[in-house]
Amino acid sequence: MDTIIANEMNFASTESETMIAQMVRDFAEKHIRPNVMTWDESQEFPIDLFHKMGELGFMGVLVPEQYGGAGLSYFEYVTVVSEIAKVCGSIGLSVAAHNSLCTGHILQFANETQKQQWLPKLASGEWIGAWGLTEPGTGSDAMNMKCVAHKDGDEWVINGTKCWITHGKSSDIMVVLVRTGEVRDPRGITAFAVEKSTPGISAGKKENKLGMRASETTEVIFDNCRVHKSNMLGNIGEGFVQAMKVLDGGRISIAALSLGIAKGAFEASCKYAKEREQFGKPIAEFQGISFKIADMATKIEAAELLTMQAADLKNKHLKMTKEAAMAKYYASEVAVQVSTDAVQIFGGYGYTKDFPVEKYYRDSKLCTIGEGTSEIQKVVIARELLR
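Heads up: these notes are all about the structure in this document. (Residues numbered from 1 in each chain as written. Predicted model: local features only at pLDDT ≥ 70, side-chain atom pairs only at ≥ 80, totals over all residues. Heavy atoms only, no water.)

Okay, the overall build of the protein chain next. Within the protein chain, the regular secondary structure consists of 12 helices and 10 strands. Its C-alpha atoms give the protein chain a radius of gyration of 21 Å, within 12% of the compact-globule value 21 Å for 387 residues. Principal axes of the C-alpha set define a box for the protein chain whose edges measure 80 × 55 × 40 Å. Here the protein chain holds 387 residues, and the buried ones make up 55% of them. Pairs at least 24 apart in sequence give 74% of the contacts found in the protein chain among residues at least 6 apart. Charge centroids of the protein chain, computed over 42 positive and 48 negative side chains, lie 4 Å from each other. (Helix = DSSP H or I, 4+ residues; strand = E, 2+ residues; numbered from the N terminus. Rg over C-alpha atoms; globule rule 2.2 N^0.38 Å. Buried < 20%, exposed > 50% of the residue type's maximum accessible area, 1.4 Å probe, protein only. Contact = heavy atoms within 4.5 Å. Lys, Arg positive; Asp, Glu negative; His and termini not counted. Charge placed at Lys NZ, Arg CZ, Asp CG, Glu CD.)

Here it is, written out as structure tokens:
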């Protein structure tokens, strides 16, 4: 039995993953690291960078080759997101949101005509994708949404506001979840793909955030936005179920993002601890520091195993709601813990923008909030365990 389990749970890096990891590292060092703090300070969303990443397949990691994507597995996807996040959490977040939310929703639930129409542009990075579920008054309570659509002939007219939308201003297409039935009816929500050129859709307030500042976050306002019925994803009333399935995969994305941030903070801490001297020796030789390093490494390993377990189940098309929630919950909390310890290891320097750990610290907190808070993950995990 142990042998069978070991074979089924083999997460050793394949040649493909190793090659992709190196390609992402090289790209990040050349095109991302030199600009990290400039983008962070100015809150610039570097859209040209995403077009470049599209050329390398980073924007369509999971999209089959027939639609212009890389056609890779969730293992490679975790590798791409985490390696980018090791350098910049903001860029990692935007790559994750584009791949798993907008593109992922279309990939899972669009018909063939819709896939042919939108996926090649998203996978190539020609188009940037956004996904809209959250509203000002709903947060985790998605079934209480106020953004509505009513049918008018062959069109649906959408009115309302979405908030906390990644790429809400710069996206070329947005998958939006709207109410087409009664409030709190799980069959009363429908998904539409809305192109940026559609009249009646506009960006509202851009959020001034603690971290993830180079990942654009805005309101999106729908004012009598008319969308043809051919833009509906799936059937009327299927939106909520679709969204929950998309979020399962999205939680693996945030786990991978968290993993990358934690690894980045950890690697910076190890390097600094070996270089920084106090009382005539490197601080790495002090037990107080070395034990922090040991705890950080252990938590990261555990988070990675949970993340790869969820990715493995996703690759096999098996139910992984619990496993994805566990990975997202644990990895995001680890990112916060590890980046906090990293600031402590750096001491006063860790509190300045001259060293990288303060940014890991600021970026990490979003991971415990976005795509379902840590508290919501506990609700999901408990519900799955206590059925």
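From this point, the discussion proceeds with the structure in view.
Our next topic: the pattern of salt bridges. Tallied over the full model, the rule gives 22 salt bridges. Put simply, Arg33 and Glu29 hold a salt bridge, and the shortest N to O gap is 2.8 Å. Taking relative accessible area as the criterion, Arg33 reaches 39% and is therefore assigned partly exposed. Owing to a relative accessible area of 42%, Glu29 belongs among the partly exposed residues under this scheme. Between Glu358 and Arg362 there is a salt bridge, with the nearest N and O atoms lying 2.8 Å from each other. A residue pair is termed a helical-turn pair when its members lie 3 or 4 positions apart in one helix, as Glu358 and Arg362 do in helix H11 (residues 357-367) at four residues. (Salt bridge = Lys/Arg side-chain N within 4 Å of Asp/Glu carboxyl O.)

To continue, consider the environment of Glu112. Mapped onto the elements, Glu112 comes out in helix H7 (residues 112-123). Aside from chain neighbours lying at most four places away, what touches Glu112 is Gln66 and Tyr67. In this structure the side chain of Glu112 is engaged in a polar contact, spanning 2.7 Å, whose partner is the side chain of Tyr67. (Polar contact = N/O pair within 3.5 Å; in protein donor to acceptor, adjacent residues only side chain to side chain.)

Turning our eyes to something else, we now look at the nonpolar core. One finds Ile32, Phe50, Met53, Ile84, Ile91 and Leu257 to be the most contacted residues of the largest nonpolar core, which totals 70 residues. With 14 residues, the top contributor of residues to this core is helix H8 (residues 239-275). Beyond its immediate sequence surroundings of up to four residues, Ile84 is in contact with Val24, Ile32, Met53, Phe58, Ile91, Gly92 and Val95. Within the second largest apolar cluster, 28 residues are counted, among which are Val63, Leu122, Ala123 and Leu177. (Core = buried A, V, L, I, M, F, W, Y, C linked by side-chain atoms within 4.5 Å.)

This paragraph deals with the packing of aromatic side chains. Under the counting rule described, the total for this entry stands at nine aromatic pairs. Relative to Tyr77, the ring of Tyr74 lies with its centre 5.6 Å away and its plane at 80°, an arrangement referred to as edge-to-face. Of the two residues, Tyr74 and Tyr77 both sit in helix H5 (residues 74-87), three residues apart, roughly one turn of that helix. Accessibility expressed as a relative area gives 11% for Tyr74, which makes it buried. Ring plane angle 80° and centroid distance 6.1 Å describe the contact between Tyr272 and Phe355, whose orientation is recorded as edge-to-face. Note that Tyr272 is positioned in helix H8 and Phe355 in the loop between helix H10 (321-346) and H11, a separation of 83 residues in sequence. Its relative accessible area of 10% is what places Tyr272 among the buried residues. The residue whose ring lies beneath Lys281 is Phe286, and the NZ or CZ to ring-centre distance is 4.7 Å. (Phe/Tyr/Trp six-rings, centres within 6.5 Å; stacked < 30°, edge-to-face > 60°. Lys NZ or Arg CZ within 6 Å of the ring centre and 35° of its normal.)

On to the packing of H10 against H11, then. Here H10 crosses H11 at 160°, and the two axes come no closer than 8 Å. What the angle tells us is that H10 and H11 run roughly antiparallel. Pair H10 / H11 crosses with left-handed handedness. Each of Lys328, Ser332, Ala335, Val336, Ser339, Thr340, Ala342, Val343 and Phe346 in H10 lies in contact with H11, whose residues at this interface are Val357, Glu358, Tyr360, Tyr361, Ser364, Lys365 and Cys367. (Axes fitted to C-alpha atoms, helices over the stretch in contact; angles between N-to-C directions. Parallel < 35°, antiparallel > 145°, perpendicular 65-115°, else oblique. Left-handed = near helix turned anticlockwise from the far one by under 90°.)

Now for the pairing of strand E2 (residues 148-152). The pairing of E2 with strand E3 (residues 155-166) spans five bridges and is classified as antiparallel. Within the sheet, the bridge partner assigned to Asp152 lies in E3 and is Glu155. In this structure, the hairpin formed by E2 and E3 is closed by a connection of two residues, where Gly153 is found at a positive phi of approximately 65°. (Pairing = 2+ DSSP bridges.)

So, about the side chain of Ser253. In this fold, Ser253 is placed in helix H8. There is a polar contact of 2.7 Å between the side chain of Ser253 and the side chain of Tyr77. If we ignore the near neighbours within four places in the chain, the residues touching Ser253 are Tyr77, Val81, Ala96 and Ser100.

Taking 1.5 Å per residue as the helical rise, H5 with its 14 residues ought to reach 20 Å, and the 20 Å between its terminal C-alpha atoms agrees with that figure. With 14 of 14 residues buried, H5 lies mostly within the body of the structure. (Expected span 1.5 Å × (residues − 1).)

Looking at the secondary structure, you find Glu304 in helix H9 (residues 287-315). Overall, the relative accessible area of 27% leaves Glu304 in the partly exposed class. A sequence separation of 130 residues divides Glu304 from Met174, and the C-alpha atoms of the two residues are 31 Å apart.

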